[in-house]
Amino acid sequence: MKIGIDIDDTISASFEEIFVLSQKFDIDVVGREGKPSNYGKIDNHNYIETLYPHWSQEQIKTFWKKYFIEVLTKANAKVDCAEIIQKLKKEGNQIILITSRYEVIPKKNLVETATKQWLEAHHILYDKLIMNSQDKSKVAVEENIDLLIDDSITHCLSVEKKNIKTLLYTTVCNQGCDVQNLERVYSWPQIYKKILNL
C-alpha cells in the first residue's frame, strides 16, 4: 500500500511550538494580549490567520520568517509515530511524506534541509518527501496514494473527492471542527489498527 502522510501535527507536534511563539509575538510585537481566536477550530494549516485575524499580512510574514525554522526543528515527534511508520515500511508499505511546508527564503532550501534533519533525528523512515504541496489531492493522484493521513480537514476532504481513503488525525487545532464524513483518528496505535483492517 502507498501511504501518504502529512508532517505537521500528524508526525510532528508543530502546533504546540507555534502556539507559544505566536502568543509571544502577539504580546511583544503586535502589542496585544496574546489571546487567540477560534482555538480548536482550525480546519487547515492557516494557524496564524485563524488564531490572530487582527494581524496584518506583514506581521504574519514577519512571524514566519522569524520562527518557522525554530518551529520545524524544536517540535517533538508524535508518540509512537516513528515505531509505527517503521513497522508499516517493514510490512512492505511505501511511505510518501506530503507536506505543505515551503521555503520562507526562496532558493535557500533551509526548510527542506531542516525537515530532513528533523525526520532523521526522530527516526522517521520514508520513501519520498514532497514539499510545498498546497494541493494534496493532486499529489495523491499523481503518486497513486491509497491512503492519506493528515490533520487538515481541507486536505482530507479534497483527497476523499478523488476516491482516496483518508484518516483525519485529531489535534487541538481541529478537535472542534465539523468533519462531515471524515474518519477521525486520535493516535498512531489507532492508525496502525485501522490500516491493518483496510
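Structure: see above.
From a predicted model like this one, the values you see are computed outputs, not experimental measurements.

A. Focus on the packing of aromatic side chains. Within the structure shown, the criterion is met by 13 aromatic pairs. Here Phe15 and Tyr39 contribute two aromatic rings whose centre-to-centre distance is 6.1 Å and whose plane-to-plane angle is 50 degrees, an arrangement assigned as tilted. Taken as a pair, Phe15 in helix α1 (residues 14-30) and Tyr39 in the loop between α1 and α2 (47-51) lie far apart in primary sequence, 24 residues in all. Within the aromatic cluster, the residues linked to one another by ring pairs are Phe25, Tyr52, Trp55, Phe63, Trp64, Tyr67, Phe68 and Tyr102. If you follow Lys87 out to its NZ or CZ, it ends over the ring of Tyr192, 4.6 Å from the centre.

B. Up close: the pairing of strand β4 (residues 147-150). Covered by surrounding structure in β4 are Leu147 and Ile149 together with Leu148 and Asp150, the residues of both alternating faces. The pairing of strand β1 (residues 2-5) with β4 spans three bridges and is classified as parallel. Across the sheet, residue Ile3 finds its bridge partner in β4, namely Leu147. Alignment of β4 against strand β5 (residues 165-169), held across four bridges, turns out to be parallel. Residue pairing across strands places Leu147 opposite Lys165, the latter belonging to β5. Read as a crossover between parallel neighbours, the route from β4 over helix α7 (residues 153-160) to β5 is right-handed.

C. Up close: the pairing of strand β2 (residues 94-98). For β2, the buried fraction is high: four of the five residues fall into the buried class. Bridging between β1 and β2 involves four bridges; their strand directions are parallel. Residue pairing for β2: Ile5 is matched across the bridge by Leu97. Where β2 meets strand β3 (residues 128-130), three bridges bridge the pair, whose relative direction is parallel. Looking at the pairing, Ile96 lines up with Lys128 of β3.

D. View of the sheet that holds β5. Read from one edge to the other, the open sheet built from six strands follows the order β3-β2-β1-β4-β5-β6, with strand pairing classed as parallel. Each having just a single partner strand, β3 and β6 (184-185) make up the two edges of the open sheet. Along the sheet face, α7 touches β4 and β5 and points at about 170 degrees away from the line of β5.

E. Structural context of the pattern of salt bridges. All chains considered together, the criterion is met by 10 salt bridges. With a shortest N-O distance of 2.8 Å, Glu143 and Lys128 are connected by a salt bridge. In this pair, Glu143 sits in the loop between α6 (136-142) and β4 while Lys128 sits in strand β3, placing the two residues 15 residues apart along the sequence. A relative accessible area of 36% means that Lys128 is categorised as partly exposed. A salt bridge links Lys194 to Glu183, with the nearest nitrogen and oxygen atoms 2.7 Å apart. Placement of the pair is Lys194 in helix α8 (residues 188-196) and Glu183 in the loop between β5 and β6, with a sequence separation of 11 residues. Among the residues examined, Glu183 registers a relative accessible area of 25% and is labelled partly exposed.

F. Quick peek at the nonpolar core. Among the nonpolar cores identified, the biggest contains 46 residues, and Ile5, Ile11, Leu97, Ile124, Ile149 and Trp188 are the most heavily contacted of them. Here the element with the most residues in this core is helix α3 (residues 57-74); it accounts for seven residues. Apart from the residues within four sequence positions on either side, Trp188 is in contact with Ile5, Thr10, Ile11, Lys78, Val79, Asp80, Cys81, Ile84, Ile85, Ile149 and Tyr169. Counting residues in hydrophobic clusters, the runner-up holds nine residues, among them Val139, Ala140, Ile145 and Val159.

G. Structural context of α8. Regarding α8, the residues found buried are Trp188, Ile191, Tyr192 and Ile195. Mapping the buried residues of α8 onto a view down its axis gives an arc of 100 degrees, with all of them on the same face. Residues of α8 that are buried in the fold lie against β1, α4 (81-90), β4, β5 and β6. For α8, the N-terminal capping position is held by Ser187, with its side-chain oxygen 3.3 Å away from the main-chain nitrogen of Gln190.

The rules behind the values
- Residues numbered from 1 in each chain as written.
- Predicted model: local features only at pLDDT ≥ 70, side-chain atom pairs only at ≥ 80, totals over all residues.
- Heavy atoms only, no water.
- Phe/Tyr/Trp six-rings, centres within 6.5 Å; stacked < 30°, edge-to-face > 60°.
- Helix = DSSP H or I, 4+ residues; strand = E, 2+ residues; numbered from the N terminus.
- Lys NZ or Arg CZ within 6 Å of the ring centre and 35° of its normal.
- Buried < 20%, exposed > 50% of the residue type's maximum accessible area, 1.4 Å probe, protein only.
- Pairing = 2+ DSSP bridges.
- Right-handed = clockwise from strand over helix to strand, strands pointing away.
- Contact = heavy atoms within 4.5 Å.
- Axes fitted to C-alpha atoms, helices over the stretch in contact; angles between N-to-C directions.
- Salt bridge = Lys/Arg side-chain N within 4 Å of Asp/Glu carboxyl O.
- Core = buried A, V, L, I, M, F, W, Y, C linked by side-chain atoms within 4.5 Å.
- Arc of directions from axis to C-beta.
- Polar contact = N/O pair within 3.5 Å; in protein donor to acceptor, adjacent residues only side chain to side chain.

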